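What the coordinates show
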Amino acid sequence: MVGINKTVFLLTFCLFFFEALSAQNKKYIVNFKDKNNSPYTVSNPLFYLSPKAITRRAKQNISITSNDLPVNPNYIDSLIGKGAQVLYSLKWLNAAVVLADSLQMVDINTLTFVKNYDRVAREMTIRESNTECITTKHKNKKSIVDYGNCYTQIHMLQADNMHSEGFHGEGIVIAVLDAGFKNASSLGYLSHLYTNSRVLATYDFVDDEIDVYDDHEHGLEVLSTIAAFQSGNLIGTAYNASFVLLRTEDDFTETEIEETNWARGAEYADSIGVDIISSSLGYSTFDNPATNHTYMDLNGNTTIASIAADLAASKGILVICSAGNEGTSAWQYLTTPADGDSVLAIGAVDANMNYASFSSLGPSSDGDVKPDLAAMGQDVIVGSTSGGFKTSSGTSFSCPLTTGLAAGIWQAFPTLTNMQIADALRKSASQYSNPDKYLGYGIPGYLKAKEYIFDSIFNIGIDFRIFPNPIKSGYLYFTSGVEYFNKPVTIRMYDILGRQVAEDQILVAGVKTETNIFADAFKDGVYVLRFQFPDKTIKTRLVKY
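**Points about the sheet that holds strand 17 (residues 465-467)**
Read from one edge of the open sheet, three strands run 17-18-21, paired in antiparallel fashion. Edge strands, defined here as strands with exactly one partner in the open sheet, are strand 17 and strand 21 (512-515). Mean inter-strand twist for the sheet, computed between neighbouring axes without regard to direction, equals 25°. Where strand 17 and strand 18 (residues 476-479) come together, three bridges link them in antiparallel fashion. Looking at the pairing, R465 lines up with T479 of strand 18.

**Here's the deal with the environment of T391**
Among the secondary structure elements, T391 is positioned in strand 16 (residues 389-393). Judged by relative accessible area, T391 falls into the buried class, the value being 3%. When the C-alpha atoms of T391 and E221 are compared, they prove to be 9.8 Å apart, with 170 residues separating the residues in sequence.

**Observations regarding the side chain of D339**
Along the chain, the position of D339 falls in the loop between strand 12 (318-322) and strand 13 (344-349). Here D339 occupies a buried position and makes no salt bridge, while the nearest side chain of opposite charge, K370, is found at 7.3 Å. Engagement of the side chain of D339 in a polar contact is seen with the backbone nitrogen of G300, the distance being 2.8 Å. One polar contact links D339 to T336, side chain to side chain, over a distance of 2.7 Å. Filtering out sequence-adjacent residues up to four positions away, D339 remains in contact with D297, L298, N299, G300, S306, L334, S364 and K370.

**Examining the pattern of salt bridges**
Within this structure, the stated rule accounts for 19 salt bridges. Salt-bridge contacts for K390 lead to E221; the nearest nitrogen and oxygen are separated by 2.6 Å. One end of the pair, K390, is in strand 16; the other, E221, is in helix 8 (residues 218-227), and 169 residues separate them in sequence. Across the pair, exposure class does not vary: K390 and E221 are buried alike. Note that D372 and K370 form a salt bridge whose closest N and O atoms lie 3.0 Å from each other. Neither residue differs from the other here; D372 and K370 are each classed as buried. Put simply, R56, R57, D68, D270 and K315 are held in one network by salt bridges that share partners.

**Quick look at the sheet that holds strand 22 (residues 525-532)**
The four strands lie next to each other as 20-19-22-23, forming an open sheet whose pairing is antiparallel. Each edge of the open sheet is held by one strand with a lone partner, namely strand 20 (500-507) and strand 23 (537-544). When strand polarity is set aside, the average angle formed by the axes of neighbouring strands in this sheet is 20°. As paired elements, strand 19 (residues 488-494) and strand 22 share five bridges and run antiparallel to each other. If you follow M493 over to strand 22, its bridge partner there is L529.

**Quick notes on unusual backbone geometry**
With omega at 15°, the peptide bond leading from T336 into P337 counts as cis. Structurally, P337 is set in the loop between strand 12 and strand 13. At the junction of K370 and P371, the peptide bond is cis and its omega measures out at -10° in the coordinates. Here the phi dihedral of M353 falls at roughly 65°; this positive angle occurs in a residue that is not glycine. Among the structural elements, M353 can be located in the loop between strand 13 and strand 14 (373-376).

**Some details on the pairing of strand 21**
Across the two faces of strand 21 the burial differs, with T513 and T515 buried and K512 and E514 not buried at all. Across four bridges, the pairing between strand 18 and strand 21 is antiparallel. When the sheet's bridge partners are listed, F478 is paired in strand 21 with T513.

**Regarding the packing of aromatic side chains**
Inspection of every chain in the model, using the stated rule, returns 18 aromatic pairs. Ring geometry for F522 versus Y527: centroids 5.8 Å apart, planes at 55°, classification tilted. For F522, a relative accessible area of 17% gives the class buried. Above the ring of Y28, the side-chain terminus of R119 is found at 5.9 Å from the ring centroid. Cation over ring: R264 sits above Y88, and NZ or CZ is 3.7 Å from the ring centre.

**Details of the packing of helix 2 (residues 51-59) against helix 9 (residues 257-272)**
Pairs of packed helices are described in terms of their axes, by the angle between the two and the distance that separates them. Remark: helix 2 packs on helix 9, axes separated minimally by 5 Å, with the N-to-C direction vectors making an angle of 85°. Classed by the angle they form, the pair helix 2 and helix 9 counts as roughly perpendicular. For the pair helix 2 and helix 9, the contacting residues are K52, A53, R56 and R57 in the first and D270, S271 and I272 in the second. Tallied by class, residues from the contact of helix 2 with helix 9 come to two nonpolar, one polar and four charged.

Rules used in this analysis
- Residues numbered from 1 in each chain as written.
- Predicted model: local features only at pLDDT ≥ 70, side-chain atom pairs only at ≥ 80, totals over all residues.
- Heavy atoms only, no water.
- Pairing = 2+ DSSP bridges.
- Helix = DSSP H or I, 4+ residues; strand = E, 2+ residues; numbered from the N terminus.
- Axes fitted to C-alpha atoms, helices over the stretch in contact; angles between N-to-C directions.
- Buried < 20%, exposed > 50% of the residue type's maximum accessible area, 1.4 Å probe, protein only.
- Lys, Arg positive; Asp, Glu negative; His and termini not counted.
- Salt bridge = Lys/Arg side-chain N within 4 Å of Asp/Glu carboxyl O.
- Polar contact = N/O pair within 3.5 Å; in protein donor to acceptor, adjacent residues only side chain to side chain.
- Contact = heavy atoms within 4.5 Å.
- Phe/Tyr/Trp six-rings, centres within 6.5 Å; stacked < 30°, edge-to-face > 60°.
- Lys NZ or Arg CZ within 6 Å of the ring centre and 35° of its normal.
- Parallel < 35°, antiparallel > 145°, perpendicular 65-115°, else oblique.
- Nonpolar A, V, L, I, M, F, W, Y, C, P; charged D, E, K, R; others polar.

Everything listed here is a matter of coordinates, which is why it stays silent on function.
Take a look at the structure:
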């Protein structure tokens, strides 16, 4: 009799326990079928996009489409009416992340506009090596900037040449998505960002607050490789760019929610008009093996993060992500969102330009060359939370180094699209003709990228070239084929508004001809030159800095 009562008690307890579990609130992502009957329209984008975001699209001939529209607020109200707590919506994915119990989710799934729903609870880890160290001093005597210990990581990308030509990222806005930027606003090597108002916005998508300076140092270290400026210690690759600092990674809880946070961060970055997203975050295997991504998921079209990354690229943003640090792990392959079709995935090399063994391998599971590019990622000089400097390793640092290179190139050639910049970086890389799974197309370089842009994108032709370009002062020269020797040419110069600002009529002197059409009085910027030969017209661009 006692045994029977115990059994009844245990059964009753178990039923109560499982009912209690089913009533617990958990995070779900609810996917909607459409955006019908929304108060937002593509004809009035200022209600949900900044003027700069609209201008970026127009500049690259990108249309505003329905996935730019916010999630229908009526749908959100209906979820709330079913008892769910809506944490946030994702307009590109047309979804909402909610806190609800399983019974509420069954009820929500009956709504006619709900496509489906899924749990958001996967765990993951980020692996980075981090070694406190100061290396032997190295001063670049040829440069006007003293790069000190960071010379190798700068010179490898020819970013020192880029700086000497006057391109440091001015006018380019970079969003950094990371785990936190501890103490960034109070450190000397980043003080120029704040005194010059170059940090345009901050947001913590984990804690839903503006402050991003109290959580984690990883984002600070990443930021320092692009933005730091302290002569003799650390010079970033684009230290005069502007920045948006976004915390999307919760280093303590390590759940799948970070991928939706990444998507939120990318949407936010787009809406305020950034030019480049730099992200040193990656997702693959998780603490709970049952929830791992598979290699087949890494096809650019499956994970939330890679879908969001490709959508960001479709809006004209150049998306650059670390390939991952799984080269020596059981996983080995790149992490998401580096698998995105339109994402530049960056692997790592050491100071001698050799593959760093921790760097994740490609290709993506659908066969795309991955990583796309590589930069120094082993023993990189980075800034610390104390204001000093140290070395750290990971594709987390090869990614932002490359981001700064891209920013300088885009500053030099502002009329190009994000995909043209990405193409120029690939074409400039050290093993473009023979990519592999370790470094992809190889290590990019400013000088080679510039040459490719002049010769291919601007279609100048192999028998014609202007130089120096960019130009600071002095005479402008051009080369032409022998068929034009001693023939007249009319050269007209136009500003970016299409207004003629100068004209010169001369005879072609030979292989190298001098023209005085250029004068120091012209403002810095981009100009169009039109060379009218007797039977041919050639147009090209001239950059003054």
